[in-house]
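Commentary on secondary and tertiary structure
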Amino acid sequence: MIDSGLRSHYREGKHVIYSENMSKMYGNKTVLDDIDLAVTSGEFITLVGPSGCGKSTLLRLLLGEETASSGTLLINGQEVQTPDPTRGIVYQRYGLFPHLTVLEHVLLGFRFQLSAYRYFLCRKELVEKAMQYLKRVRMDDHKDKYPSQLSGGQQQRVAIAQTLIMKPKVLMMDEPYGALDPFTREELQLFILELWEETKMTIFFITHDLEEAVYLGSGVIGLSQYYDDGRRNWKRGARIVTDLNLGREIKAPDVKATAEFGRTVRLLRTDCFTPNHLQHVNDFTMQHPDSFMSLSDEQKQR
Ligand code: ADP
């Protein structure tokens, strides 16, 4: 249930994604525990966390495929409704249909959105628009090919064009490069950074790869079930244990070889992935300007 009294840090027009004290339970199992998240418009947020900590659950909540068990969750200031094109999603497996060409995939959103009559009337205009997006993802020369004729990187670019053409306010990506070889992965990392700079959209990107998270993110969020809040049983819902502000300038790939970059990756690994590290809730690294913690006075005194 959304309680407007809780929106103590929300800023209209500033925060695209905003959650406060948000929890998600399945039966009596808490998966996400007290999630405070304030994502500013135009940020590229990367999300990391141990397997099973609830990253996909968080994404499903943001997409409106699931509802929070308690707390506040707002997208563009509105309570999250059922999925709609303002929140585009790109998955690890490209989700392309074997019987549709590249061009037909990019037109698919309009086929679902418009009546058959309207789609027929506007088709020429829509094809021109689709071709602009295919050019943007450098797939215009492959418009008549089927998925089986494309490499993994090319298929992922089609999936991105298919999502971008619907002009989402937030682009969500769930391990989008997880199935790609290292070279294609690096190429698509640069590609998404270029698109981000060009479109200024807000991106929320889940990855297992800590280097990828630090390289791409203007902000990196670490979600983890490994923390200490004074209770003995620490196998409970995940919380945000790290929230780094890395700035919005696009980094050159050779930054990955620097000592500073290595230090940030190690910090993330320790804070989020090391069960015996168990930082106390009061010691979470919260360096991002939009970070906030909402521990109750009772929790702080424990
Ligand atoms: P991650 O994406 O970080 O690997 P998930 O969000 O997929 O983690 O899952 C987090 C936890 O929630 C897991 O323990 C998983 O078993 C549980 N879970 C996810 N979806 C459901 C569901 N629909 N019903 C019950 N438990 C679920």
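What you see is a predicted model, and the numbers here were worked out from it, not measured in a lab. Here the residue numbers are simple positions, counted from 1 along each chain's written sequence. Predicted model: local features are reported for residues with pLDDT of at least 70 only, side-chain atom pairs are reported and counted for 80 or more only, and whole-chain, interface and lining totals are derived from all residues. Only hydrogens and water are removed before side-chain values are computed, so all heavy atoms of the structure are retained for them.

Structural notes on helix 3 (residues 116-136)
Side chains of residues three or four places apart in an α-helix project in the same direction, reflecting 3.6 residues per turn. Fitting one axis to the seven residues ending at a residue and another to the seven starting there, the bend at that residue is the angle between the two axes. Put simply, DSSP H or I for four residues or longer makes a helix, DSSP E for two residues or longer makes a strand, and each gets a number counted from the N terminus. The largest bend along helix 3 reaches roughly 65° and is located at Arg123. Within helix 3 the residues assigned to the buried category are Tyr119, Cys122, Leu126, Ala130, Tyr133 and Leu134. Where the residues of helix 3 are buried, they touch helix 2 (102-113) and helix 4 (152-164). Arg138 lies just past helix 3 and shows a positive phi near 55°. A simple rule labels every residue: compare its accessible area, found with a 1.4 Å probe on the protein chains alone, to the largest value its type can have, and call it buried under 20%, exposed over 50%, or partly exposed in between. It only takes one pair of heavy atoms within 4.5 Å for two residues to be counted as in contact.

Some remarks on the sheet that holds strand 4 (residues 70-75)
Pairing between sheet strands relies on hydrogen bonds along the backbone, with the strands arranged either parallel or antiparallel. Here a strand pair is declared whenever DSSP counts at least two bridges between the two strands. The 4 strands lie next to each other as 2-1-4-5, forming an open sheet whose pairing is antiparallel. Edge positions in the sheet fall to strand 2 (29-40) and strand 5 (78-79), since each of these pairs with one other strand and no more. One ladder, built from 5 bridges, connects strand 1 (residues 15-26) with strand 4; its direction is antiparallel. Among the inter-strand pairings, Tyr18 is bridged to a residue of strand 4, identified as Leu74.

A few points about the sheet that holds strand 11 (residues 285-286)
In space, the 7 strands of this open sheet follow the order 6-7-8-3-9-10-11, with mixed pairing throughout. Bordering the open sheet on either side are strand 6 (87-91) and strand 11, each of which pairs with just one other strand. Relative to strand 8 (residues 202-206), strand 3 (residues 44-48) is paired through 4 bridges, and the arrangement is parallel. Looking at strand 8, one finds that Thr46 is bridged to Phe205. Convention adopted: a line fitted to C-alpha atoms gives each axis, helices being fitted over their contacting stretch, and angles between N-to-C directions are expressed from 0 to 180 degrees. Packed onto the sheet, helix 5 (residues 182-199) meets strand 3, strand 7 (170-174) and strand 8 and runs at close to 140° relative to strand 3. Relative to the sheet, helix 7 (residues 259-273) contacts strand 3, strand 9 (219-224), strand 10 (239-245) and strand 11, its axis offset from that of strand 10 by approximately 170°.

With respect to the pairing of strand 10
The element strand 10 is largely enclosed, with a buried count of 6 among its 7 residues. As paired elements, strand 9 and strand 10 share 6 bridges and run antiparallel to each other. Following the sheet pairing, Gly222 is matched in strand 10 by Thr242. Pairing geometry for strand 10 and strand 11, over 2 bridges, is parallel. Counterpart to Asp243 in the pairing with strand 11 is Met286. Here is how to tell: hold the view so the strands point away, follow the path from the first strand over the helix to the second, and if it runs clockwise the crossover is right-handed. One crossover worth recording links strand 10 to the parallel strand 11 by way of helix 7, and it is left-handed.

Topic: the pairing of strand 2
Across the 12 residues that make up strand 2, a large majority, 10, are buried. Bridge count for strand 1 against strand 2 is 8 bridges, and the pairing is antiparallel. Within strand 2, the residue paired with Tyr26 across the bridge is Lys29. Hairpin connection, strand 1 to strand 2: the antiparallel pair is bridged by 2 residues, and Gly27 has positive phi, about 60°.

Notes on the site of the ligand
If even one non-hydrogen atom of a residue comes within 4 Å of a molecule or strand, that residue is called near it. For the ligand, the full set of nearby residues is Tyr26, Lys29, Val31, Pro50, Ser51, Gly52, Cys53, Gly54, Lys55, Ser56, Thr57 and Arg60. We call two N or O atoms a polar contact when they sit within 3.5 Å, provided that within protein one can donate a hydrogen and the other can accept it, with sequence-adjacent residues counted only if both atoms are side-chain atoms. Residue Lys29 places a side-chain N or O atom 2.8 Å away from an oxygen atom belonging to the ligand. At a separation of 2.8 Å, an oxygen atom of the ligand approaches a polar backbone atom of Gly52. Areas reported here follow the Shrake-Rupley algorithm with a probe of radius 1.4 Å; residue values treat only the protein chains shown as occluding. Notes on the ligand: free accessible area 560 Å², of which the protein chains cover 60%. Among the elements of the structure, strand 2 and helix 1 (55-63) are those that each provide at least two residues to the shell around the ligand.

Examining the nonpolar core
Buried Ala, Val, Leu, Ile, Met, Phe, Trp, Tyr and Cys residues that are joined via side-chain atoms within 4.5 Å together make up what is termed a nonpolar core. Counting 53 residues, the largest nonpolar core has Ile192 and Ile203 as the members making the most contacts within it. In this view, Ile192 contacts Phe44, Leu171, Met173, Tyr177, Ile203 and Leu216; residues no more than four positions away in its chain are not counted. In this structure, Val31, Leu62, Met172 and Ala238 belong to the second largest nonpolar core, which totals 26 residues.

A closer look at the confidence of the model for the protein chain
pLDDT expresses, on a scale from 0 to 100, how confident the predictor is about each individual residue. Mean pLDDT over the protein chain stands at 87; residues scoring 70 or higher make up 92%. Contacts for the low-pLDDT stretch residues 1-5, under 50 throughout, to residues beyond four places or in other chains number 9 contacts.

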